[in-house]
Amino acid sequence: MKLIIINGPNLNLLGSREPETYGKESFEAYFSQIQFQFREIELSFYQSNIEGELIDEIQRADKEFDGIILNAAAYTHTSIGIGDAVKAISTPVVEVHISNTFSRETFRHSSYISANAKGVIIGFGLQSYDLAISSFLPK
Ligand code: DQA
């Protein structure tokens, strides 16, 4: 099984960015842990702060991977383009968020991605990503 995690803007700053909301661990450190934890899965990771690059990566990942775990960060709430990319591809996408976006500002309550995602996992800290990975495993 091949899965890719695609992270959007400012998630390269995990560990130092608003640690009370996003925790103190860098994504790189967390990614090493999940690579070990899910060693039977071929896990890849991509991050960009640029909307079009995220769309390019979603298109590239289609068919190449068995699943996409997407945290589009702020673009979740603004990007029709990323929403359309998720709709356009056939590889299933699980939307994840580290924080509980519903307990935050109202502009974080909407998503252009959810309607076309296989599922949505919100608010479990970095564990949201491991829950998303587990959702692709056979029962
Ligand atoms: C986020 C929530 C978004 O509202 C925010 O813009 C982010 C991160 C999360 O993972 O909690 O950058 O997607």
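For the structure, see preceding data.
What you see is a predicted model; the values in this text were computed from it and never measured. (Residues numbered from 1 in each chain as written. Predicted model: local features only at pLDDT ≥ 70, side-chain atom pairs only at ≥ 80, totals over all residues. Heavy atoms only, no water.)

S.K.: Sorry if this is basic, but what is going on with the packing of helix 3 (residues 51-61) against helix 4 (residues 80-88) here?
M.R.: The relative placement of two packed helices comes down to the angle between their axes together with the axis-to-axis distance. Remark: helix 3 packs on helix 4, axes separated minimally by 10 Å, with the N-to-C direction vectors making an angle of 0°. The angle between the axes of helix 3 and helix 4 places the two elements in the roughly parallel class. Taken together, the residues of helix 4 that come into contact with helix 3 (itself represented by E51, L54, I55 and I58) are G81, I82, A85 and V86. For the contact of helix 3 with helix 4, the class distribution of residues is 6 nonpolar, 1 polar and 1 charged. (Axes fitted to C-alpha atoms, helices over the stretch in contact; angles between N-to-C directions. Helix = DSSP H or I, 4+ residues; strand = E, 2+ residues; numbered from the N terminus. Parallel < 35°, antiparallel > 145°, perpendicular 65-115°, else oblique. Contact = heavy atoms within 4.5 Å. Nonpolar A, V, L, I, M, F, W, Y, C, P; charged D, E, K, R; others polar.)

S.K.: Which parts of the structure should I look at to understand the pattern of salt bridges?
M.R.: Note that side chains of opposite charge can pair when their charged atoms are close. For the coordinates displayed, the defined rule picks out 6 salt bridges. Linking K2 and E64 is a salt bridge whose minimum nitrogen-to-oxygen distance equals 3.0 Å. One end of the pair, K2, is in strand 1 (residues 2-7); the other, E64, is in the loop between helix 3 and strand 3 (67-71), with 62 residues separating them in the sequence. Residue E64 is classed as partly exposed on the basis of its relative accessible area, which comes to 43%. The network of salt bridges with common partners includes R104, E105 and R108. (Salt bridge = Lys/Arg side-chain N within 4 Å of Asp/Glu carboxyl O. Buried < 20%, exposed > 50% of the residue type's maximum accessible area, 1.4 Å probe, protein only.)

S.K.: I would appreciate a short explanation of the site of the ligand in the present structure.
M.R.: The immediate surroundings of the ligand are formed by R17, Y22, N71, A73, A74, H77, H97, I98, S99, T101 and R108. One of the backbone nitrogen or oxygen atoms of A74 is found 3.2 Å away from an oxygen atom of the ligand. H77 places a side-chain nitrogen or oxygen 2.7 Å from an oxygen atom of the ligand. Summarising the interface, the protein chains cover 99% of the accessible area of the ligand, which totals 320 Å² for the free molecule. (Near = heavy atom within 4 Å. Polar contact = N/O pair within 3.5 Å; in protein donor to acceptor, adjacent residues only side chain to side chain. Areas by Shrake-Rupley, 256 points an atom, 1.4 Å probe, with all protein chains shown as cover.)

S.K.: Where do I start with the pairing of strand 1 in this structure?
M.R.: Side-chain direction in a regular strand flips from residue to residue, so the side chains alternate between the two faces of the sheet. By the criterion of burial, strand 1 is predominantly enclosed, with 5 of the 6 residues buried. In this sheet, strand 2 (residues 42-47) lies alongside strand 1 in parallel orientation, the contact comprising 6 bridges. Its bridge partner being in strand 2, L3 is matched across the sheet by L43. With 5 bridges joining them, strand 1 and strand 3 adopt parallel strand pairing. Of the residues in strand 3, the one forming a bridge with I6 is L70. (Pairing = 2+ DSSP bridges.)

S.K.: Could you clarify how one ought to interpret helix 5 (residues 127-135) in this entry?
M.R.: Residue pairs three or four apart in sequence face the same way in an α-helix, which turns once every 3.6 residues. Within the span of helix 5, buried status applies to S128, Y129, D130, A132 and I133. Buried residues along helix 5 sit in contact with strand 1, helix 2 (27-37), strand 2, strand 3, strand 4 (93-97) and strand 5 (119-122).

S.K.: What am I meant to see in the pairing of strand 3 here?
M.R.: With 5 of 5 residues buried, strand 3 is to be regarded as a mostly interior element. Side chains of strand 3 alternate between two faces, with G67, I69 and N71 and I68 and L70 buried alike. Looking at chain direction, strand 3 and strand 4 are connected through 3 bridges and run parallel. Note that in strand 4 the partner of I69 across the bridge is V94. In terms of handedness, the path from strand 3 via helix 4 over to strand 4 forms a crossover that is right-handed. (Right-handed = clockwise from strand over helix to strand, strands pointing away.)

S.K.: Teacher, can you tell me more about the side chain of E95 here?
M.R.: Mapped onto the fold, E95 is located in strand 4. For E95, which is buried and forms no salt bridge, the nearest opposite charge comes from R108, at a distance of 12 Å. Within the structure, E95 has its side chain in polar contact with the side chain of S114 (distance 2.7 Å). The residues touching E95, leaving out its near neighbours within four places in the chain, are L70, T76, S111, I113, S114, A117, G119, V120 and I121. (Lys, Arg positive; Asp, Glu negative; His and termini not counted.)

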